[in-house]
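Read off the chains here:
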Amino acid sequence: MIAVREIRKSFGEHEVLKGVSLQVAQGQVVCLIGPSGSGKSTVLRCINGLESYDAGEILIEGQKVDNTAASIHRLRTRVGMVFQRFNLFPHRTVLENVTEGPIFVNKESPAAAREHGLALLDKVGLAQRASSYPHQLSGGQQQRVAIARSLAMRPQAILFDEPTSALDPELVGEVLAVMRALAADGMTMIVVTHEMGFAKEVADRVCFLHSGAIVEEGPAQQVLETPQHARTQDFLRRVI
Ligand code: ADP
Ligand code: MG
């Protein structure tokens, strides 16, 4: 479903992606791990068109991701993204946050968007908070709303960029539980995370990125328990 081939990206003189390749089949969960500054967010941002890339190619279901308006529009509706910071609209209710995209971008009827939105809020355990405002929710609840908002666009894949890193430790579990359920439902996901327990349990594959290059990848158990590369071993020793 997602094919990233040898992409390169520089900011000025600084080459931050040095030929990154990544394949994600439908229904697969791939975790991307690596030190801060290794290029994890840039990879995700290139995949969903938030950032351009200088060389290589990215295909989503066979269609090339580039910076034409048509490509960007297609991406917005097909590939969801969940960030570390939830970026909910502060002056809209939880349900309005979830239905905004479907109504204004996907041109769904408000009634249909509302019905779907309520079902998704139920799925993330927040049906009873539909008319609350974001500031009335905990960080974990807000992130679950952000996941429901992403699902409301009926994406074919969702990219998660450290979705639990901004949360108090006691709120991490509820967000990971929602992500685990999504994975079990067959959602195609790329997850940048430092939650190695989650990666081990949920990921089909783990890719370790270092200085803009994937230096090791394989089945989650293999990469996380018996890493071959010295840089992976060193990174895992520090995070676990
Ligand atoms: P990670 O998510 O793994 O921490 P990033 O993808 O955010 O890494 O960043 C990779 C490198 O690219 C870092 O050195 C970062 O400073 C640099 N970088 C990211 N975005 C920009 C930008 N918009 N302008 C300049 N440098 C950037
Ligand atoms: Mg990042």
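None of the values given here were measured: they were computed from a predicted structure. (Residues numbered from 1 in each chain as written. Chains lettered and ligands numbered in written order. Predicted model: local features only at pLDDT ≥ 70, side-chain atom pairs only at ≥ 80, totals over all residues. Heavy atoms only, no water.)

A. Looking closely at the UniProt feature "domain: ABC transporter" (unreviewed entry) in the protein. Residues given the UniProt feature "domain: ABC transporter" (unreviewed entry) here are residues 2-236. Strand forms 26% of residues 2-236 and helix 40%; the C-alpha atoms that close the span are 27 Å apart. (UniProt positions renumbered as here; feature names shortened; annotations may be inferred. Helix = DSSP H or I, 4+ residues; strand = E, 2+ residues; numbered from the N terminus.)

B. Broad picture of the sheet that holds strand β1 (residues 2-11). Read across the sheet, four strands follow the order β2-β1-β4-β5 without closing on themselves; strand pairing throughout is antiparallel. Looking along the sheet, the strands with just one partner apiece sit at the ends: β2 (14-24) and β5 (63-64). Bridging between β1 and β2 involves eight bridges; their strand directions are antiparallel. The residue bridging S10 from the neighbouring strand is E15, located in β2. (Pairing = 2+ DSSP bridges.)

C. Region of the structure containing the packing of helix α5 (residues 139-152) against helix α6 (residues 169-184). Taken N-terminus to C-terminus, the directions of α5 and α6 make an angle of 20°; their axes are 8 Å apart at the nearest point. In terms of their interaxial angle, α5 and α6 are classed as roughly parallel. Crossing hand, α5 versus α6: right-handed. Only L171, E174, V175, V178, M179 and L182 of α6 make contact with α5, whose side of the interface consists of G139, G140, Q141, Q143, R144, I147 and L151. Considering only residue class, the contact of α5 with α6 consists of seven nonpolar, four polar and two charged. (Axes fitted to C-alpha atoms, helices over the stretch in contact; angles between N-to-C directions. Parallel < 35°, antiparallel > 145°, perpendicular 65-115°, else oblique. Left-handed = near helix turned anticlockwise from the far one by under 90°. Contact = heavy atoms within 4.5 Å. Nonpolar A, V, L, I, M, F, W, Y, C, P; charged D, E, K, R; others polar.)

D. The arrangement of α6 in detail. Its 16 residues place the ends of α6 24 Å apart at the C-alpha level, agreeing with the 22 Å of an ideal helix rising 1.5 Å per residue. Buried within α6 we find L171, V172, V175, L176, V178, M179, L182 and A183. Looking straight down α6, one finds its buried side chains confined to an arc of 155°; they lie on one side. The exposed set on the far side of α6, more than 90 degrees from its buried face, consists of E170 and A184. Packing partners of the buried residues in α6 comprise β3 (29-33), α5, β7 (157-161), β8 (188-192) and α7 (196-202). One or two steps after α6, the chain reaches G186, where phi turns positive at roughly 95°. (Expected span 1.5 Å × (residues − 1). Buried < 20%, exposed > 50% of the residue type's maximum accessible area, 1.4 Å probe, protein only. Arc of directions from axis to C-beta.)

E. Here's a closer look at the packing of aromatic side chains. A full pass over the atoms with the stated rule returns one aromatic pair. Residues F208 and F235 carry aromatic rings whose centres are separated by 5.3 Å and whose planes lie at 40° to one another, so their mutual orientation is tilted. Here F208, found in strand β9 (residues 205-210), pairs with F235, found in helix α9 (residues 230-239); they are 27 residues apart in sequence, far enough to count as distant. A single burial state applies to F208 and to F235, both of which are buried. (Phe/Tyr/Trp six-rings, centres within 6.5 Å; stacked < 30°, edge-to-face > 60°.)

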